[in-house]
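Given next are the chains, with one letter for each unit.
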Amino acid sequence: MTTITDTTGVTGSTATADPLRIGDAVFGSRLIMGTGGAPSMEVLEQALVASGTELTTVAMRRLDPAVKGSVLSVLERNGIRALPNTAGCYTAGEAVLTARLAREALGTDWVKLEVIADEHTLLPDPVELLDAAETLVDDGFTVLPYTSDDPVLARKLEDVGCAAVMPLGSPIGSGLGIRNPHNFELIVERAGVPVILDAGAGTASDAALAMELGCSAVMLASAVTRAQHPALMAAAMRHAVAAGRLAHRAGRIPRRHFALASTPTTGTLERNGSPP
Amino acid sequence: MTITVHVNGERRSLAAPLGLDALVAELTSAPKGVAAALNDSVVPRSRWAATPVGDGDRVEILTAVQGG
């Protein structure tokens, strides 16, 4: 058992070496952050640092000369790897072009692939998603697709060569948590690549549950960036992910219908026929 | 000679000859973090100077922003 830098950030506690592996990369943190929704770049930076994240998404947008300050410089000075996404793409064609532009702009062949069906639900379009994933894998990308919590689609995404699958717990920004934990269990059970909760986490218990269900990591943005105190929530998420992971590895006790005494049942006083 | 180019979805009249490097430089001086596509094909930064922009071309110039 190797003791490593504590993933919870709590002094004195220990954890075994338990890195997250995606593709050819290794991460100490199992919390992937987004950068959308923060009230300012300063608040975002404080939250990212508090989260302990090592991998954080950015979006690709048409360059606006009026915008000052770059999210990339925030990531760079904190040693956080940028993961470009294809947020806002509705077709495989748009997503593939966006991923290729991101590769050129950021010098990474990693992409968090998002192909959404409509603005109202922001749910993935499974047909376009699978099509884009296949094209990008063939083009040499390490593809991390945002997908619905459908075990069949998750399997197909893995089959075309995705490096992870990122099922949604509930719609983006909804904070509704994991609406179908059973589907997550099914996805995890059959997956040969990391399963990462993406979207839906509202508070720390949602992140912990994802990890307890066997997810390899949690991705979130709004839960932190739109919290009343983003840096505090970021710290909470960091601890929740680490706690959930430890609990998963520890192996929880089975659920029972009735009590099981934790105190020895022998050597007690005799009741002498009197009511207990 | 003036050409019409669609730059990030906006129709613009520009003086030709025009290189992609000069067009990008109008929007930003950032030495990295920027990518350009000409008619839906990505053009690597190393080829911007040698890539002429012509009449009716569509140019997309993107950068990373907060999101996701």
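This text follows the structure it describes.
Description of the structure in this document. Every chain's residues receive numbers from 1 upward, in the order its sequence appears when written. Chains and ligands are labelled by the order in which they are written, letters from A for the one and numbers from 1 for the other. Only residues with pLDDT of 70 or above have their local features reported here, since the model is predicted, and side-chain atom pairs are shown and tallied only from 80 upward, although totals for entire chains, interfaces and linings are computed over all residues. With hydrogens and water excluded, all non-hydrogen atoms of the structure serve as input to the side-chain values.

This part covers the interface of chain A and chain B. We call two residues in contact whenever any of their non-hydrogen atoms come within 4.5 Å of each other. Tallying the contact residues gives 26 residues for chain A and 24 residues for chain B. What gets called buried area is simply the loss in accessible area from a 1.4 Å probe that two parts show on being joined, summed for both. Both faces combined, the contact of chain A with chain B buries some 2,100 Å², and carbon together with sulfur accounts for 63% of it. Within this document, salt bridges are pairs made up of a side-chain nitrogen of Lys or Arg and a carboxyl oxygen of Asp or Glu, the two lying within 4 Å of each other. Applying the counting rule to chain A against chain B returns two salt bridges. Where R62 of chain A meets E60 of chain B, a salt bridge forms, and the shortest distance between an N and an O atom there is 2.8 Å. Within the residue set of the side of chain A that touches chain B, elements represented by two or more residues are α1 (41-51), β4 (55-62), α2 (71-77) and α3 (92-106) of chain A. Here the nonpolar group is Ala, Val, Leu, Ile, Met, Phe, Trp, Tyr, Cys and Pro; Asp, Glu, Lys and Arg are the charged ones; every other residue, Gly included, is treated as polar. Here the residues of the side of chain A that touches chain B are counted per class, giving 16 nonpolar, five polar and five charged. Bridge analysis of β4 of chain A against strand β7 (residues 58-66) of chain B gives five bridges, and the strand direction is antiparallel. Paired with M60 of chain A across the bridge in β7 of chain B is A64 of chain B. Secondary structure follows DSSP: runs of H or I at least 4 residues long count as helices, runs of E at least 2 residues long count as strands, and numbering of each begins at the N terminus. Any two strands between which DSSP finds at least two bridges are classified as paired.

Turning to the side chain of S51 of chain A, a few remarks are in order. Residue and element names in this part refer to chain A. Structurally, S51 can be placed in helix α1. Of note is the side chain of S51, whose polar atom sits 2.7 Å from the backbone oxygen of L48. What qualifies as a polar contact is a pair of N or O atoms within 3.5 Å, subject to a donor-acceptor requirement within protein and to the restriction that residues adjacent in sequence count only when both atoms come from side chains. Separated by 3.1 Å, the side chain of S51 and the backbone nitrogen of T53 make a polar contact. Once residues lying within four places of it in the same chain are set aside, the contact partners of S51 are L31, M33, A234 and R238.

Attention now moves to the pattern of salt bridges. When the charged atoms of two side chains with opposite charge come close together, those side chains can pair. Residues and elements named next belong to chain A. In this structure the tally under the stated criterion is 12 salt bridges over all chains. The partner of K112 in a salt bridge is E114, and the shortest N-O contact between them spans 2.9 Å. Shared partners join several salt bridges into a network, and the residues in it are D18, R30, R245 and R249.

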